[in-house]
Amino acid sequence: MFAVVADGIHLLPVVHDRLEAADAVRAAFEALEPEAVAVEVPSSLGKTWLRAVERLPAISVLLYETAASETIYLPIHPADAMVEAARGAIERGLPLACADLDVDGYADWRDPVPDAYALFRLGPLTVWDAFRRHPRPEDPHDAPREASMAFHARRLREEGASRVLVVCGMHHVEGIGRALGAELAEPLTPPVRRNVRLVNLHPESVGEVLGEVPFYAAAYEAIRAGLGVPEASIPAAPGRTYGPFRILSGGRGDDPERVEHAVRRAAGGRSPCDRLRLQWGLVRETERALASSAPDERVEPWQRRNLARFARNLAAGGGGLVCDLYDLLAAARACVTENFAWELHRLATAWPWQQESAVDLPTARIRAEEMFDGVRRIRLTRRRREAKGRRPESLLRRRRRDESFPGEWLRDFDGESVCSYPPEDVIVEAFGEYLRRRGKTVLREEASRVVPFTTSVLDGIDVRETIRHWSEHRIWVRESGRVPGEVGAVVVVFDDARDGEERYPFAMTWLGEHAQESDMAFYATAPEQAVVGPGICRVTYGGFLLSYPPGRLREVWTDADYAFAETRPERLLLAALDYSLERVVVHVAPRPPRSVFHQIAARLDRKILHLPIGTVSPGTLRRIRVLHVLSGRERRDVAKEYIW
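Residues numbered from 1 in each chain as written. Predicted model: local features only at pLDDT ≥ 70, side-chain atom pairs only at ≥ 80, totals over all residues. Heavy atoms only, no water.

On to the packing of helix H13 (residues 325-335) against helix H14 (residues 338-348), then. At a closest axis distance of 7 Å, the pairing of H13 and H14 adopts a crossing angle of 155°. If you check the angle between H13 and H14, you find them roughly antiparallel. In this structure, H13 uses Leu325, Leu328, Leu329, Ala332 and Arg333 to contact H14, whose residues at the interface are Glu338, Phe340, Ala341, Leu344, His345 and Ala348. Across the contact of H13 with H14, the residue classes break down as eight nonpolar, one polar and two charged. (Axes fitted to C-alpha atoms, helices over the stretch in contact; angles between N-to-C directions. Helix = DSSP H or I, 4+ residues; strand = E, 2+ residues; numbered from the N terminus. Parallel < 35°, antiparallel > 145°, perpendicular 65-115°, else oblique. Contact = heavy atoms within 4.5 Å. Nonpolar A, V, L, I, M, F, W, Y, C, P; charged D, E, K, R; others polar.)

Structure below.
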């Protein structure tokens, strides 16, 4: 167990801030039964440091400034070998020496120590042998520090202790061993360092600054204090009780009693601490907490297997034997749920004996970035149960208001800056595109021919004609015709009554607002006959013209070139022939246009394709025939409340 034994001085190599090393110190006390103890703590900090040790299990942080104005943080927690050595000496009434030399500017070395779990499996001596094979560069302060620790150990020996236990880091064992064989002088170190402060650590900072996972350290403390598995069972739900209520999140954290019971169940009262067993206990306690906080969630056996494999692989990828808390959280989030990872972090970083305030010390919140470089953070988002959507009665709630007085909604409707309702524009444009496609199909059918098969099948066999002439034992084939041109403007006339101007007095020409919208001229019923909202009127088309591309249509209803038109539908057709860029104009109306319009079309190299309006679905006609005219674009924001 001891790396060096020289004249009654036993050197125990340890790893700082690891509960396996603290367990090794406890084992060393039982095996050696020392009469004095020396620890790797600067003598100038000894008084303050021992005060923090006496405050355990409440965690304190020792702070001081170096000559370079750099703040040094030293958390004092039970799972540290130096702390355990000091507590063992104090409890047994043994002489204790803080033997290290207080130096400034000691480099922040990251010793290539093996995974601390190896201490549990192999023992300190075997791990130290492996550590010696990969030495790090010597620091100029190493020799005086090791000489100081050797001097204090020898002085304890000279003061009458027959067995002196020296607890130090693995890197210093050989140096102390060499110093013990040399002549030693009393180290020159200030008796007390100035600006040394001790603060009570806030509970929310425990998980940030401790070198060991707080849940594991708490389990070690429970085992050390002889706290076995609790007999009484308390609710495993997270949060804390506040009067008749239970706060599940926010506020002042978890109930300390619940955390302590979870720690004691995970520890099981068994010594020494097995990190793997504690990790499994942490996972099981997290499952209990999750089942209490989210009854609809449970951890399935396959999720546990995946979690164990994932955590093992992450540990192996990082060169460790057991994964750390970061990797465990990543595995929990990936293999179980975000809520499970949340509860795991909440339980793993809780310390049941820490208070938000202390009577003897000020309390401080300390962030991990203040102490360590290269801090890794993982973002956990707790998934809360989705709130129920709108209730059915809310869907029936009337959000539109009525007129305050008759004529209020028509007050701003001056007809100067009217516009359409965009959802209705989409429907009309889709209908116009449908008529263009249908017009091309009709023209293609009119130009096609069906002939008996002679030497070529042409565009395919016409099955209908072949069956019709089946008795002739001949095959008929079809040859598709050539469309005389593309379809351009579209005219739709719903009502071509001679008294149209009286029935449909409202006539307008407006331009498309963007590249996907046609210019339009239409005549419709009077807007003031159906006012449905503030500045919103519903009208019924008598007919309309669609001309594409947009931005070319002039005022149709006052154009003198169309003066000879007898009705409004004829004026729309003349405008369509005039503005169409393509050869074919589709005319959908109850009756075909007069023959004079075909002559005009021929003179303009245009062709009118008449489609009887009866060939269009009545449902489609009813849907597109309604138009809402808005008194301004600002009405579009509220129009949906009045148009349905």
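Further remarks concern the pairing of strand E2 (residues 9-14). With six of its six residues buried, E2 lies for the most part within the structure. Residue alternation in E2 divides its side chains into two sets, Ile9, Leu11 and Pro13 and His10, Leu12 and Val14, and both sets are buried. In this structure, E2 lies alongside strand E7 (residues 164-169), joined through six bridges in parallel fashion. Across the sheet, residue Pro13 finds its bridge partner in E7, namely Cys168. (Buried < 20%, exposed > 50% of the residue type's maximum accessible area, 1.4 Å probe, protein only. Pairing = 2+ DSSP bridges.)

The step from Leu56 to Pro57 runs through a cis peptide bond, and the omega angle for that step is 15°. Residue Pro549 follows Tyr548 across a cis peptide bond; omega there is 10°. Positionally, Pro549 belongs in the loop between strand E18 (536-547) and helix H19 (568-579). Unusually for a residue other than glycine, Glu33 sits at a positive phi of about 50°. In this fold, Glu33 is placed in the loop between helix H1 (19-32) and strand E3 (36-42). Residue Glu33 is classed as exposed on the basis of its relative accessible area, which comes to 54%. Even without being a glycine, Leu458 presents a positive backbone phi close to 55°. By secondary structure assignment, the location of Leu458 is in the loop between strand E12 (449-452) and helix H17 (463-468).

Our focus in this paragraph is the sheet that holds strand E5 (residues 71-76). Reading across from one edge, E5-E4-E8-E11 is the order of the four strands in this open sheet, with mixed pairing throughout. The sheet is open, and its two borders are formed by E5 and strand E11 (363-364), each paired with just one other strand.

For the structure on display, the rule yields 37 salt bridges. Salt-bridge contacts for Arg55 lead to Asp360; the nearest nitrogen and oxygen are separated by 3.0 Å. Taken together, the positions of Arg55 in helix H2 (residues 46-55) and Asp360 in the loop between H14 and E11 put the pair 305 residues apart, joining distant regions of the chain. Taking the relative accessible area as the measure of exposure, Asp360 reaches 38% and is therefore partly exposed. For the salt bridge of Arg304 with Glu287, the shortest nitrogen-to-oxygen distance reads 2.7 Å. Here Arg304, found in helix H12 (residues 301-317), pairs with Glu287, found in helix H11 (residues 275-293); they are 17 residues apart in sequence, far enough to count as distant. When its relative accessible area of 23% is taken as the criterion, Arg304 is described as partly exposed. Linked through salt bridges whose partners overlap, the residues forming this network are Glu208, Arg367, Glu369 and Arg377. (Salt bridge = Lys/Arg side-chain N within 4 Å of Asp/Glu carboxyl O.)

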